[in-house]
Amino acid sequence: MTAPFSVSGLNVSYAGRPALRDVTWQAAQGLTAILGPNGAGKSTLLKAALGLIPADSGEARFFGLPLEQARPRIAYLPQRASVDWDFPASALDIVAMARLPRMRWWGSVPRAEREIARAALGSVGLAEFADRQIGRLSGGQQQRVFLARALAQGADLFLMDEPLAAVDAVTEQTILAVLHDLARKGKSVLMVHHDLSLITAHFDQVLILAGHVVAAGPVAEAFTDAAIAQAFGGLPGRS
Amino acid sequence: MIGHNTLVVLLGCAALGAASGVVGAFALLRGRALLADAIGHAALPGVVGASLIMAGFGGPARSLGPLLLGAALSAWLGLLALRALTASGRIRPDAAIGVVLSAFYALGTVGLSIAQAMPDAAQAGLSHFILGQAATLNESDAMLAGGLALACIGVVAALFQPLRALCFDEAFARSRGLPVRALDLGLLALLLAVCVAGLPAVGLLLVVALLIVPAAGARLVTRGLPAMVVVAGVLGAAAGASGALISTRFENIPTGAAVVLAGLLGFGATVIFSRR
């Protein structure tokens, strides 16, 4: 089986300063946590793989295919803080955006697409909030709206940027339950994460970054004290 | 009673106001509304240049089509200059807008004084492009501006869903493979078209207000984007029509000022309504 996600020789820099150096890695099917200190390049890895920021070199493949060919099978969940939650839209409006670009572009959202969006909201426990304006949702509920939008795409691979950052307990439980459900259905999730306590109980694999790959593999093998100390020990960028 | 010509001008200004409200709503949510100010000012050299060229060829001194074409061309150059200035990331967009807006306006003002020194009537009415004068529009002018405005509304309606997704979350829109660059370019073209169509009636100084004021007011009193767009369009149309009516009755009041003041009345009403 081809890996759901792989990168080879990926180099990314911001204004001349390297953010990721020579990252070569392959994800296995299931739930993968991408760990590392601030500035380790975790979000950068997702954004560069999706072509949202330019890479200096290297390439990403999804199910063995380049991005353009695999795009319909990929769902991206950006950081919640990256958008304006005062935007005039309901939870359902936001989730229905998942059906683009193949949904009809003019007028209102077609009924069939609206039902898919509604079902996705239901699966994150927000069925009764479908018509609520997004600015009136709590931070955790907003995060679940983002998750529902990713689910409504019907993707096979999910790239999630810190969906568990600063959320309430209900949201954390809901998101973790959805992740396990996805894994049971044979989907794959790459999740940027910061909390080391959840790893052993909930994830299959880890990728530990500190500007470069510190450790990667099944949790039992790669999630070691030594790897964590190396990544978080304040020595990003071994020279 | 309202004469036929006045009625056509009123309808043209109403269509223009509606288009400004609709396009302005998206420009506001995308954080691009102030570009309208740069576009308006950057249009002046093009208007003057087009009239000088037409005079040079002995063409009709004041025919709106070529003037608007000149306006659009130089406004487009202004936008290219903006992009060149901000490309490096070392000049912030607000500073770049200030530079481009004043440079083009100064250039246009110099051109205007040259045109005014010329013996024939090439410059007649050009100064109306600064403050706007709906009363000087004839029927076909108003239909040109109104038709352009309606076309802009049609384009927004056709692209409603992807434009909304882009305005809310650009990264997500990109990740879905939406043509983000083309959509942004389309939005910019709409902004340009509305601004240029509004120049003769509203004037380059205040055309920005017609794009921002109705949209900002509509945002205060609505919860969803379709409602916001409709309310912005209605507020804009009301401002355009009532402003044009005022300035055709009192010819010494520039239309731009009348339209904007009418729009601000509507905006004030939305502020009061939103606080209740």
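Note that this is a predicted model, so its numbers are computed, not measured. (Residues numbered from 1 in each chain as written. Chains lettered and ligands numbered in written order. Predicted model: local features only at pLDDT ≥ 70, side-chain atom pairs only at ≥ 80, totals over all residues.)

### Examining the overall build of chain A
- Secondary structure assignment for chain A yields nine helices and nine strands.
- For 239 residues, the compact-globule estimate of 2.2 N^0.38 gives 18 Å, and the C-alpha radius of gyration of chain A, at 18 Å, lies within 12% of that figure.
- In terms of overall dimensions, chain A has a C-alpha envelope of 55 × 35 × 35 Å along the principal axes.
- Counting every position in chain A, which comprises 239 residues, the buried fraction comes to 44%.
- Relative to all contacts within chain A whose residues are 6 or more apart in sequence, the contacts with residues 24 or more apart total 68%. (Helix = DSSP H or I, 4+ residues; strand = E, 2+ residues; numbered from the N terminus. Rg over C-alpha atoms; globule rule 2.2 N^0.38 Å. Buried ≥ 20, exposed ≤ 12 C-beta atoms within 10 Å, placed from the backbone. Contact = placed C-beta atoms within 7 Å.)

### A look at the overall build of chain B
- The helix and strand tally for chain B stands at 13 helices and zero strands.
- Computed over C-alpha atoms, the radius of gyration of chain B comes to 18 Å, within 12% of the 19 Å expected from 2.2 N^0.38 for 276 residues, which places it in the range of a compact globule.
- Dimensions of chain B, computed from C-alpha atoms along their principal axes, come out at roughly 60 × 50 × 30 Å.
- Every one of the 276 residues in chain B was classed for burial, and the buried ones make up 55%.
- Sequence separation of 24 or more characterises 79% of the internal contacts of chain B that already satisfy a separation of 6 or more.

### As for the interface of chain A and chain B
- Counting residues at the interface gives 21 residues for chain A and 23 residues for chain B.
- Class assignment of the residues belonging to the side of chain A that touches chain B gives a composition of 15 nonpolar, four polar and two charged. (Nonpolar A, V, L, I, M, F, W, Y, C, P; charged D, E, K, R; others polar.)

### Brief notes about the sheet that holds strand E1 (residues 5–14) of chain A
Residues and elements named next belong to chain A.
- Pairing within the open sheet is antiparallel, and its three strands lie in the order E2-E1-E4. The open sheet is flanked by strand E2 (17–27) and strand E4 (57–62), the only strands paired with a single partner. For this sheet the average axis-to-axis angle between neighbouring strands, irrespective of direction, equals 20 degrees.
- With respect to the sheet, helix H1 (residues 42–49) is in contact with E1, E2 and E4, its orientation differing from that of E2 by roughly 70 degrees. (Pairing = 2+ DSSP bridges. Axes fitted to C-alpha atoms, helices over the stretch in contact; angles between N-to-C directions.)

### As for unusual backbone geometry
All names here are of chain A.
- Between Leu100 and the following residue, Pro101, the backbone shows a cis peptide bond with an omega angle of 0 degrees.
- Its identity as a non-glycine residue notwithstanding, Asp22 has a phi of 50 degrees, on the positive side.
- Among the secondary structure elements, Asp22 is positioned in strand E2.
- Even without a glycine there, the phi angle at Glu162 is positive, about 50 degrees.
- Relative to the assigned elements, Glu162 resides in the loop between strand E6 (157–161) and helix H6 (169–184).
- For Glu162, a count of 21 C-beta atoms within 10 Å puts it in the buried group.

### Focus on the confidence of the model for chain A
- When pLDDT is averaged along chain A, the result is 90; 97% of the residues meet or exceed 70.
- Across residues 235–239 of chain A the pLDDT falls below 50, and counting only partners more than four positions away or on other chains, this stretch makes six contacts in the model. (pLDDT = per-residue confidence, 0-100.)

### Here we look at the packing of helix H2 (residues 35–42) of chain B against helix H4 (residues 64–87) of chain B
Residues and elements named next belong to chain B.
- For the pair H2 and H4, the least separation of the axes is 7 Å and the interaxial angle reads 130 degrees. Classified by the interaxial angle, the pair formed by H2 and H4 is oblique. Every pair of crossing elements has a handedness; the one defined by H2 and H4 is right-handed. When H2 is examined against H4, the residues Ala38, Ile39 and Ala42 are found in contact with a partner set consisting of Ser74, Ala75, Leu77, Gly78, Leu79 and Leu82.
- A breakdown of the residues in the contact of H2 with H4 according to their chemical character gives seven nonpolar, two polar and no charged. (Parallel < 35°, antiparallel > 145°, perpendicular 65-115°, else oblique. Left-handed = near helix turned anticlockwise from the far one by under 90°.)

### Looking at the pairing of strand E9 (residues 213–218) of chain A
Residues and elements named next belong to chain A.
- Across five bridges, strand E8 (residues 205–209) lies against E9 in antiparallel orientation. By the bridge assignment, Val206 is partnered in E9 with Gly217.
- As consecutive antiparallel partners, E8 and E9 are separated by three residues, and within that stretch Gly211 has a phi angle of approximately 85 degrees, a positive value.

### Here's the deal with H4(B)
Residues and elements named next belong to chain B.
- Relative to the 34 Å expected for 24 residues at 1.5 Å per residue, H4 spans 34 Å between its end C-alpha atoms, a close match to the ideal helical length.
- Leu64, Leu67, Leu68, Gly70, Ala71, Ala72, Ser74, Ala75, Gly78 and Leu82 are the residues of H4 that are buried.
- Along its buried surface, H4 packs onto H2, helix H3 (44–56), helix H5 (93–117), helix H7 (139–158) and helix H10 (180–202).
- With its phi angle positive at about 85 degrees, Gly89 sits one or two positions after the end of H4. (Expected span 1.5 Å × (residues − 1).)

### Some details on the sheet that holds E6(A)
Residue and element names in this part refer to chain A.
- Read from one edge to the other, the open sheet built from six strands follows the order E5-E6-E7-E3-E8-E9, with strand pairing classed as mixed. Of all strands in the sheet, those bounded by a partner on one side alone are strand E5 (74–77) and E9. With direction set aside, neighbouring strand axes in the sheet form an average angle of 10 degrees.
- In terms of strand pairing, strand E3 (residues 31–35) meets E8 through four bridges, oriented parallel. What sits directly across from Thr32, in E8, is Gln205.

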